[in-house]
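Listed below are the residues making up each chain.
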Amino acid sequence: MNAHLPILPVLIPVLSAAVMVALSRQDLVLARVLSFIAAAAQLVVALLLFAATGEGEILVYRLGDWPAPYGIALVADRLSAAMVLLTAILGAVLLLHAVCAWDRRGRHFHPLFQFQLMGIYGAFLTGDFFNLFVFFEVMLIASYGLMVHGGGAARLTNALQYMVVNLIASSLFLFAVALIYNAAGTLNFADLAQRVPTIPSSDRGILMAGGTLLCVVFLLKAAVVPLQFWLPGAYGYAPGVAAALFALLSKVGAYALLRFALVGLGWSSLAALEPLAWLTLLAGALGVLAAPSLGVLAGFASISSIGVLFVGLAGADAARLGAGLYYLVHSTLAGAALFVLADLVRSVRREEGDALVGGREFSGRALLGGLFFLVAIVTVGLPPLSGFVGKLAVLRSIPVTVIEGAASWVFVLMASFLLLLGLSRAGSRVFWKTQKDGGQASHGPAAGGVAALALLLAGTVVWALVAGPALAYFTQAAQALLEPGAYVQAVMGAGVYR
């Protein structure tokens, strides 16, 4: 049974989406039932996959039983299984928020949601460049539909910019893949890892040109400075449930960069990216200070968290890289929580929406204000929750040198302070500076949205409580990235490595 697990996270959402389109276009209740059944099935499969790879096994599923590198291979190891599980948990939680409002605003919400999940799962599990491109496109096309779901001029304008940026990135992706194939003759990660040392010097320039271009594409998708400009508006004006799911998309870019650079090209680290990580930290934190709305603020906070993530991923040792991966999970939960909160505020403020301005009293102000306080603690990374644990683990893993170590501490602490100021400003304007005019909104925040937000916050608490084993797990996953021999053996050999 384990041999077939890697294909199931891709099959379940695509088949579910097809059934929804065929049977439930006019029946919202049936679409919801099918969506929750699919989410439950994905969660079960993700748990089984996580358990099957937890001891270091690498599962390879070859479609059509074609041997590598000629056929399509899906590969599940510690890291990809953990990312699949994170995706399944986030998808199931966000459905609670979706069924309260967003899925009523269009007939195709649930199929688009499932196709989005299918693209994310596939990107984490694929073993070659071409199918990474295919899954990226599935993921992006679904995100275009989700981003404009519900209409609105601001949403459409920012979605158009997002589409243009990603169409350019997709074109560059294809050019890069063509250059790599021209130099190496393969698109399979494991096969590339075997061929890179033997590529003649006359072709190495082509390989490095393609590799550099592909790294730029992944950095664009991860929203690393100076390629972060598209994210705040695109995510900030997207429907809240879509923006919360999009918290994973930048992580897909970071994951793909790790797979390509450390496994495919055999690089020892991404140390050259550390200055960009520092600038990303600062740019996101400054954006939080200047954000006009909670949604855009959540987008800038996501950029700042990407900076912390890349400070960890830039390391050349397993402990630092593992700390970065631990923080990746935290930042996904925290980013999704902030987007859900912004959406709840937008839904109950009659005129101001989520704009950071004082306004009239609104129903649920005390509840949402309390939840905002907790989300702010999680986002800034204050103790004792997982953000603090993740940042501390990343910083403690950096060698104490005059330049690298000191600069990382300074940028992380400075960005955290700016985030604290920006979130304090936002909270005081939205929840404190209100006018009591006796005309509260007729409804409070949706129960499903509050439940989803509570679960995301609970997830950060649990993530802090299991920090010890989680850091150990991701350190082992990082070691496998830095020493990909087992991965190569599993993909090119028997299919299961023990």
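This write-up is about the structure you can find in this document.

Parameters at a glance
- Residues numbered from 1 in each chain as written.
- Predicted model: local features only at pLDDT ≥ 70, side-chain atom pairs only at ≥ 80, totals over all residues.
- Heavy atoms only, no water.
- Helix = DSSP H or I, 4+ residues; strand = E, 2+ residues; numbered from the N terminus.
- Buried < 20%, exposed > 50% of the residue type's maximum accessible area, 1.4 Å probe, protein only.
- 1 Å grid on protein atoms, 1.4 Å probe; cavity = no way out; pocket = protein on both sides within 12 Å on 5 of 7 lines; lining within 4 Å.
- Points joined across faces, edges and corners; volume = space filled by probe spheres on them.
- Nonpolar A, V, L, I, M, F, W, Y, C, P; charged D, E, K, R; others polar.
- Salt bridge = Lys/Arg side-chain N within 4 Å of Asp/Glu carboxyl O.
- Patch = residues over 30% accessible without salt bridge, like charges linked within 9 Å, V, L, I, M, F, W, Y side chains within 5 Å.
- Areas by Shrake-Rupley, 256 points an atom, 1.4 Å probe, with all protein chains shown as cover.
- Expected span 1.5 Å × (residues − 1).
- Contact = heavy atoms within 4.5 Å.
- Core = buried A, V, L, I, M, F, W, Y, C linked by side-chain atoms within 4.5 Å.

### A few points about the environment of R396
Assignment of secondary structure puts R396 in helix α16 (residues 386-396). Taking the relative accessible area as the measure of exposure, R396 reaches 66% and is therefore exposed. Measuring from C-alpha to C-alpha, the distance between R396 and A319 comes to 9.5 Å, with 77 residues separating the pair along the chain.

### Quick notes on empty space enclosed by the protein
All chains considered together, the criterion is met by 4 cavities of 30 Å³ or more. Forming the boundary of the largest cavity are 17 residues, of which A301, S305, Y327, A334 and T379 lie nearest the centre. Among the elements of the structure, α13 (294-313), α14 (318-348) and α15 (365-380) are those that each provide at least two residues to the lining of the largest cavity. Taken together, the residues that form the lining of the largest cavity break down as 9 nonpolar, 7 polar and 1 charged. Taken as a whole, the second largest cavity encloses approximately 80 Å³ of empty space. As for the second largest cavity, its lining consists of M139, L140, Y162, N166, L220, K221, W230, Y235 and L249. Secondary structure elements with two or more residues in the lining of the second largest cavity: α5 (129-147), α6 (153-184) and α8 (201-222). Here the lining of the second largest cavity is composed, by residue class, of 7 nonpolar, 1 polar and 1 charged.

### A word on the layout of surface pockets
For the largest pocket, the calculated volume is near 490 Å³. Of all the secondary structure elements, the ones that give two or more residues to the lining of the largest pocket are α3 (78-98), α14, α18 (447-465) and α19 (467-482). Here the lining of the largest pocket gets 6 residues from one element, more than from any other, and that element is α18. Class assignment for the residues of the lining of the largest pocket results in 18 nonpolar, 1 polar and no charged.

### Description of the pattern of salt bridges
Considering all chains together, one arrives at 7 salt bridges under this definition. Salt-bridge contacts for D77 lead to R259; the nearest nitrogen and oxygen are separated by 2.7 Å. Within this pair, whereas D77 is found in the loop between β2 (73-76) and α3, its partner R259 is found in helix α11 (residues 249-264), the two being separated by 182 residues in sequence. For the pair D77 and R259, a shared accessibility class is recorded, and that class is buried. Where D343 meets R346, a salt bridge forms, and the shortest distance between an N and an O atom there is 2.9 Å. Here R346 and D343 lie together in helix α14, a separation of 3 residues that amounts to about one turn. You can call R346 partly exposed: its relative accessible area is 23%. Each member of the salt-bridge network shares a partner with another, and the members are D343, R346 and D354.

### Description of a nonpolar patch on the surface
A cluster of nonpolar side chains, namely F388, L392, W409 and L413, defines an oily patch on the protein surface of about 340 Å² accessible area. With a relative accessible area of 31%, L392 lands in the partly exposed category.

### Overview of α18
With 19 residues, α18 should cover 27 Å at 1.5 Å per step; its first-to-last C-alpha distance of 27 Å lies within 8% of that length. Residues of α18 that are buried: G448, G449, V450, A452, L453, L456, L457, T460, W463 and A464. Each element contacted by the buried residues of α18 is listed here: α3, α14, α15, α16 and α19.

### A word on the nonpolar core
Counting 184 residues, the largest nonpolar core has Y235, F310 and F474 as the members making the most contacts within it. F474 has contacts with L79, A82, G322, L325, Y326, V329 and W463, leaving out every residue within four places of it along the chain.

Just geometry here; none of it tells us what the structure is for.
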